[in-house]
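Okay, here's what each chain looks like letter by letter:
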Amino acid sequence: MKKLVRISVIAALFATASMAGTLDDVKKAGVLKCGVNTGLAGFSEADSKGNWRGLDVDYCRALAAAVLGDASKVKYVPLNAKERFTALQSGEIDVLSRNTTWTETRDTTLGINFVGTDYYDGQGFMVPKKLGVKSAKELDGATLCIQAGTTTEMNLADYFKANGMKYKAITFDTNEQVDKAFFAGRCDILTTDQSGLYAARTKAADPSKYVVLPEIISKEPLGPAVRQGDDQWFNIAKWTLNALITAEEKGVTSKNVDDMAKNSKDPEIRRLLGVEGTMGKNVGLDADAFKREIKQVGNYGEIFERNVGVNTPLKIKRGLNQLWSKGGILYSPPFR
């Protein structure tokens, strides 16, 4: 309890000191400082040349395109789970886009605001096929590798307690350490968000030797976050994400965005792309802000398929992350 109180007090001090004026700071710096994972395939990972890629990375790129006019004007700050919130609170980064679960405690005690959900996930388990395990209910007495400072720890404790099972947890600071330990046989089970399990499996010498169990034991709405105390920046970050989702819903892509802006008669498309209305101005940007992010980065569907979709090594189906109109729960407030 004392630890939680200290965190709350620190967060409140950061929020009060305020970080209002983030838009001006970003424009003055000419670069967006974005906190990302130290390495999670499909979400945020640097290649051998230092180029960052992933679903979370593309959100940063979209925000930079909207605010600075250029999706490449991003400084990526790799953070482990324990560092990420302090980095945002202190102003080391302008936005956190690091597969972070939106929870009540994080939203109310850390001095941060979640701008929305860009990936609906849930915690699962991956095991070597040779163990012959078919269900998480068979994991009594297992040793599990987990990352410290995440919702994974509490979810794991709750699940095993509810099912009358015991376990041993081995914790690590980074995804890389967790994956390395699991594939080296230091634990029986790897547990994290299902997206993380699929990402980890791509690192195995032979991915076919591992299976993700069917149980999902939690809700993990993942999304970007910004500091409290700067409503303008909060609105910009929020509607940057909403623009990506609305663009997919309306059939606006990186390839047809110019044609849509010129020829579409759909009022919402015209507002989204700055042809009419004041959508960009409403959040403190220019009329073409949302059009730019879509043209340079793509809509949500393009981002998903490019980074984690069925034609990538992760081979993730859209599932809950499909548009609400196609059986999923992905949904943006209207541009009006």
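Preceding this section is the structure that the text describes.
Residues numbered from 1 in each chain as written. Predicted model: local features only at pLDDT ≥ 70, side-chain atom pairs only at ≥ 80, totals over all residues. Heavy atoms only, no water.

Details of the overall build of the protein
Within the protein, the secondary structure is distributed over 14 helices and 14 strands. Dimensions of the protein along its principal axes, counting C-alpha atoms only, are 60 × 45 × 40 Å. Put simply, the protein has 336 residues, and 53% of those count as buried. Restricting the contact set of the protein to residue pairs at least 6 apart, pairs at least 24 apart contribute 72%. Side-chain charges in the protein split into 46 positive and 40 negative, and the spacing between the mean points of these groups amounts to 2 Å. (Helix = DSSP H or I, 4+ residues; strand = E, 2+ residues; numbered from the N terminus. Buried < 20%, exposed > 50% of the residue type's maximum accessible area, 1.4 Å probe, protein only. Contact = heavy atoms within 4.5 Å. Lys, Arg positive; Asp, Glu negative; His and termini not counted. Charge placed at Lys NZ, Arg CZ, Asp CG, Glu CD.)

Some thoughts on the side chain of Asp230
You can see Asp230 is positioned in the loop between strand 14 (225–227) and helix 9 (231–249). Among buried Asp, Glu, Lys and Arg side chains, Asp230 stands out as unpaired, with Arg227 the closest opposite charge at 6.2 Å. A distance of 3.2 Å separates the side chain of Asp230 from the backbone nitrogen of Trp233, its partner in a polar contact. (Salt bridge = Lys/Arg side-chain N within 4 Å of Asp/Glu carboxyl O. Polar contact = N/O pair within 3.5 Å; in protein donor to acceptor, adjacent residues only side chain to side chain.)

Points about the nonpolar core
Generally speaking, soluble globular proteins have nonpolar side chains that are buried together. Val67, Tyr119, Trp233 and Leu273 are the most contacted members of the largest nonpolar core, which has 62 residues in total. Considering each element in turn, this core owes the most residues, 11 residues, to helix 3 (residues 55–68). Apart from residues no more than four positions distant in its own chain, Trp233 is found in contact with Thr22, Leu23, Val26, Leu32, Leu63, Val67, Asp94 and Val226. Leu139, Ala142, Leu156 and Met165 belong to the second-largest nonpolar core, a separate cluster that totals 15 residues. (Core = buried A, V, L, I, M, F, W, Y, C linked by side-chain atoms within 4.5 Å.)

Considering the environment of Gly223
Within the secondary structure, Gly223 sits in the loop between strand 13 (220–222) and strand 14. Note on Gly223: relative accessible area 5%, which makes it buried. Residues Gly223 and Val115, spaced 108 residues apart in sequence, show a C-alpha to C-alpha distance of 6.9 Å.

Describing the packing of helix 3 against helix 9
The N-to-C vectors of helix 3 and helix 9 enclose an angle of 115 degrees; their axes lie 10 Å apart at closest approach. Taken together, the axis directions place helix 3 and helix 9 in an arrangement best described as roughly perpendicular. Here helix 3 runs over helix 9; the crossing is right-handed. Of the residues in helix 9, those touching helix 3 at Tyr59, Ala62, Leu63, Ala66 and Val67 are Trp233, Ile236, Ala237, Thr240, Leu241 and Leu244. (Axes fitted to C-alpha atoms, helices over the stretch in contact; angles between N-to-C directions. Parallel < 35°, antiparallel > 145°, perpendicular 65-115°, else oblique. Left-handed = near helix turned anticlockwise from the far one by under 90°.)

Some words on helix 9
Helical periodicity: at 3.6 residues per turn, an α-helix aligns residues three or four positions apart in one direction. The end-to-end C-alpha distance of helix 9, which contains 19 residues, comes to 27 Å, matching closely the 27 Å that a straight helix rising 1.5 Å per residue would cover. Backbone geometry just downstream of helix 9 places Gly251 in the positive-phi region, at approximately 75 degrees. (Expected span 1.5 Å × (residues − 1).)

Focus: the state of the cysteines
Here the structure, examined in full by the defined rule, presents two disulfides. Between Cys34 and Cys60 runs a disulfide, and the two sulfur atoms are separated by 1.9 Å. With Cys34 in strand 1 (residues 32–37) and Cys60 in helix 3, the pair connects residues that are 26 residues apart, well separated along the chain. Note on Cys34: relative accessible area 0%, which makes it buried. With a sulfur-sulfur separation of 1.9 Å, Cys145 is cross-linked through a disulfide to Cys187. Between Cys145 and Cys187, the S-S dihedral sits near -110 degrees, and the bridge is therefore left-handed. Taken as a pair, Cys145 in strand 9 (residues 142–147) and Cys187 in the loop between helix 7 (175–183) and strand 11 (189–193) lie far apart in primary sequence, 42 residues in all. (Disulfide = S-S within 2.5 Å.)

What to know about the environment of Thr38
Structurally, the position occupied by Thr38 is in the loop between strand 1 and strand 2 (45–46). You can call Thr38 partly exposed: its relative accessible area is 26%. C-alpha separation for the pair Thr38 and Ala71, spaced 33 residues apart in sequence, amounts to 20 Å. Of note is the side chain of Thr38, whose polar atom sits 3.4 Å from the side chain of Asn37. Among the polar contacts listed, one links the side chain of Thr38 to the side chain of Glu176, at a separation of 3.1 Å.

What to know about helix 6 (residues 152–162)
For helix 6, the full list of buried residues reads Thr152, Asn155, Leu156, Tyr159 and Phe160. Buried residues along helix 6 cover an arc of 120 degrees about the axis, so they all sit on one side. Exposed and oriented more than 90 degrees from the buried face of helix 6 are Met154, Lys161 and Ala162. If you follow the buried residues of helix 6, they end up packed against strand 8 (123–128), strand 9, strand 10 (167–172), strand 11 and strand 13. Taken from the residues just after helix 6, Gly164 is the one with a positive phi, measuring 65 degrees. (Arc of directions from axis to C-beta.)

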